[in-house]
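What follows is each chain in one-letter form.
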Amino acid sequence: MISRMTVILLLGLCPLIQACVMPRPEAPPIHTYQLTLEAWSGEQSAVRSGTGPVLLVAQPQADPGFDTPRMAFLRRRYELEYYALSQWADTPARMLMPLLVEALNRETRWRAVVAMPASIKADYRLETYSLVLQQEFHRQPSRARVAARMQLVDLNNQRIVGTRTFEAVEDAATDDAYGGVVAANHAVARWLEQIRAWTVACTTNGRDCGPS
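Residues numbered from 1 in each chain as written. Predicted model: local features only at pLDDT ≥ 70, side-chain atom pairs only at ≥ 80, totals over all residues. Heavy atoms only, no water.

A. Main features of the overall build of the protein chain. Helix and strand counts for the protein chain come out as three helices and eight strands. Moving toward the C terminus, one meets the helices and strands of the protein chain in the order α-β-β-β-β-α-β-β-β-β-α. Counting every position in the protein chain, which comprises 212 residues, the buried fraction comes to 43%. Excluding contacts between residues fewer than 6 apart, the proportion of contacts in the protein chain whose partners are at least 24 apart in sequence is 70%. Surface exposure of the protein chain reaches about 12,200 Å², of which carbon and sulfur atoms provide 54%. (Helix = DSSP H or I, 4+ residues; strand = E, 2+ residues; numbered from the N terminus. Buried < 20%, exposed > 50% of the residue type's maximum accessible area, 1.4 Å probe, protein only. Contact = heavy atoms within 4.5 Å. Areas by Shrake-Rupley, 256 points an atom, 1.4 Å probe, with all protein chains shown as cover.)

Shown next, in the form of structure tokens:
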């Protein structure tokens, strides 16, 4: 005959046994996205002649709140939020570094474009500050925005050739994380083209290098 104490112990163990045998619900998957040059519309320049200046590209520096792989969005101005189940493959600054180098290398003005740190003797250095990459929902449709302050330094003469803020905005086809990713890739492609043209203008005729 089962004692009262045994019954009480068995009843107490039931929730523990159920927790062991019942499958736990799976956590929702995290979606990871990249920035690439697939949206680049410009053509590759002709083969470079082997002469010309060498350009160093410094690691971009992000604004506070953007030095993270988390994907930032705004539903109202000045308030950053982040997607819970979507993220970048790396921080925007680290993803944009090789894209900057590749985009600038497509221009024959440069004998070489090299990411820092590098031991090669260079003529110019391109610096990027206050980098922002975000999706904005305070207007419809939502849009992706990339912006940064660029500075071009003449290393031979130890002087700043020019500084300018560059920004590109692209409407999203869908108001979700993936729509923001596609729009961000298109915005980044246009942003890189602006920077490519500016660096060439600054180092060939010295015009259009000031702030904007």
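From this point on, the discussion continues.
B. Local environment of the environment of P117. Assignment of secondary structure puts P117 in the loop between strand 5 (112-115) and strand 6 (124-136). Separated by 59 residues in the primary sequence, P117 and A58 have C-alpha atoms spaced 7.6 Å apart.

C. Highlighting the nonpolar core. By size, the foremost hydrophobic cluster in this structure holds 47 residues, and its most contacted members are L35, L55, W88, L126, W191 and L192. Contributions of two or more residues to this core are made by strand 2 (54-57), strand 3 (70-74), strand 4 (80-88), helix 2 (92-105), strand 6, strand 7 (143-154), strand 8 (159-171) and helix 3 (177-204). Broken down by element, the residue count for this core peaks at 11 residues, all from helix 3. The contacts of L55, once residues within four sequence positions are left out, are L104, W110, A112, V113, V114, Y124, R125, L126 and L152. (Core = buried A, V, L, I, M, F, W, Y, C linked by side-chain atoms within 4.5 Å.)

D. Representation of the packing of aromatic side chains within the structure. For the coordinates displayed, the defined rule picks out five aromatic pairs. Where F73 meets Y83, the ring centres are 4.8 Å apart and the plane angle is 45 degrees; that geometry is what we call tilted. Within this pair, whereas F73 is found in strand 3, its partner Y83 is found in strand 4, the two being separated by 10 residues in sequence. There is no split in this pair, since F73 and Y83 are both buried. Aromatic side chains F166 and W198 sit 5.3 Å apart centroid to centroid with 65 degrees between the ring planes, which places their arrangement in the edge-to-face category. Highlighted residues: F166 in strand 8 and W198 in helix 3, separated in sequence by 32 residues. For the pair shown, F166 and W198 are each scored as buried. By the ring-pair criterion, three or more aromatic residues cluster together here, those being F73, Y83 and F137. Positioned above the aromatic ring of W110, the side-chain terminus of R109 is 5.9 Å from the ring centre. (Phe/Tyr/Trp six-rings, centres within 6.5 Å; stacked < 30°, edge-to-face > 60°. Lys NZ or Arg CZ within 6 Å of the ring centre and 35° of its normal.)

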